[in-house]
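Structure at a glance
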Amino acid sequence: MSEFSVAEEHNARLYEEHGKDIPNNIVPERNGQLGFNSYEQLLEGQNLKSAIEKRLQDLKIKPRKNSVIAHEYVLGVSKDWYEKANYDPQGMLSNVVKFITDKYGLENVASVAFHFDETNPHVHVITLPIVEKQRKWKNRNGQGTKFVKSLSASDFINGRDTLRKLQDDYFEFVSKYNRHEGVIYRGMLVEKQLKDYSRKTNHLLGELREL
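We now turn to the structure provided with this report. (Residues numbered from 1 in each chain as written. Predicted model: local features only at pLDDT ≥ 70, side-chain atom pairs only at ≥ 80, totals over all residues. Heavy atoms only, no water.)

**Focus on the overall build of the protein**
Here is the rule: Numbering of helices and strands starts at the N terminus; helices are DSSP runs of H or I of at least 4 residues and strands are runs of E of at least 2. Relative accessibility decides the category of a residue: with a 1.4 Å probe and only protein chains considered, values under 20% of the type maximum give buried, values over 50% give exposed, and everything between is partly exposed. Only heavy atoms enter the contact rule, under which two residues are in contact if any of them lie within 4.5 Å.
On a plain count of helices and strands, the protein comes out with seven helices and six strands. In the protein, the order of α-helices and β-strands from amino to carboxyl end is α-β-α-β-α-α-β-β-β-β-α-α-α. Burial analysis of the protein (211 residues in total) assigns 34% to the buried set. Here the contacts in the protein between residues at least 6 apart in sequence split such that 63% fall between residues at least 24 apart.

Below you can see the structure in the form of structure tokens.
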């Protein structure tokens, strides 16, 4: 679970507190121009790692070694949209958090971090992919069914098709906030990106590497 400490360091801007230099892509002077940084841990615990562990223990969930324990989403829209769409970035990002809480349930959201000190305003949302499923049980006293909570990352993200649907759903969600016709648009599909980037690539770079 060391990944949670790394995520918390970035999301809560704990670099200096940990004796580290602030990464070059973070410019503190940008904070406050379009909105203000904030970090909130929604699950109870001393830090993100302990809070997630406590949530799993409370639900009596014992992750397997290969279990996906959490998903992190980075949500936002392009900087030019804020400039043209006449919409408050802080309010916009607060609204898009609802896209994730509706999907996972607020009780499974571990932390939310708003960042305004990088190139584009965005929000980090760390969630636990916890679902409730009906399971059969049988012992010497009888048999039946019961509802149990478990980790199931595949119920949320499972291959290219679900990722594409996730992007489509997000596009549909943010489109309703559009106040400037034509500014919000769906990005290129992966296949088109590959063709487009391949067309623009100077293939002599491959020969130079070999030399």
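Here the narrative resumes.
**Some details on the layout of surface pockets**
Stated precisely, the cut-off is as follows: Using a grid of 1 Å spacing that covers the protein atoms alone, one calls a set of points a cavity when a 1.4 Å probe fits there but cannot get out, and a pocket when the set is open and has protein on both sides within 12 Å along at least five of seven lines; lining residues are those with an atom within 4 Å of a point. Grid points are joined across faces, edges and corners, and a volume is the space filled by probe spheres set on the points. Throughout this entry, Asp, Glu, Lys and Arg are counted as charged residues, while Ala, Val, Leu, Ile, Met, Phe, Trp, Tyr, Cys and Pro are counted as nonpolar. The remaining residues, Gly among them, count as polar.
In this structure, the second largest pocket encloses a volume near 280 Å³. Lining of the second largest pocket is provided by 14 residues; of these, Arg64, Ser67, Ser150, Leu151 and Ser152 occupy positions nearest its centre. The class makeup of the residues in the lining of the second largest pocket is five nonpolar, five polar and four charged.

**Considering the packing of aromatic side chains**
Which entries qualify depends on this criterion: Geometry of aromatic contacts follows a simple scheme: Phe, Tyr and Trp rings, the Trp one being its six-membered ring, pair when their centres are within 6.5 Å, and the pair is stacked under 30 degrees between planes, edge-to-face over 60, tilted otherwise.
According to the stated counting rule, one finds four aromatic pairs in the structure shown. Ring geometry for Phe99 versus Phe173: centroids 5.5 Å apart, planes at 55°, classification tilted. With Phe99 in helix α4 (residues 89-104) and Phe173 in helix α5 (residues 160-175), the pair connects residues that are 74 residues apart, well separated along the chain. Its relative accessible area of 11% is what places Phe99 among the buried residues.

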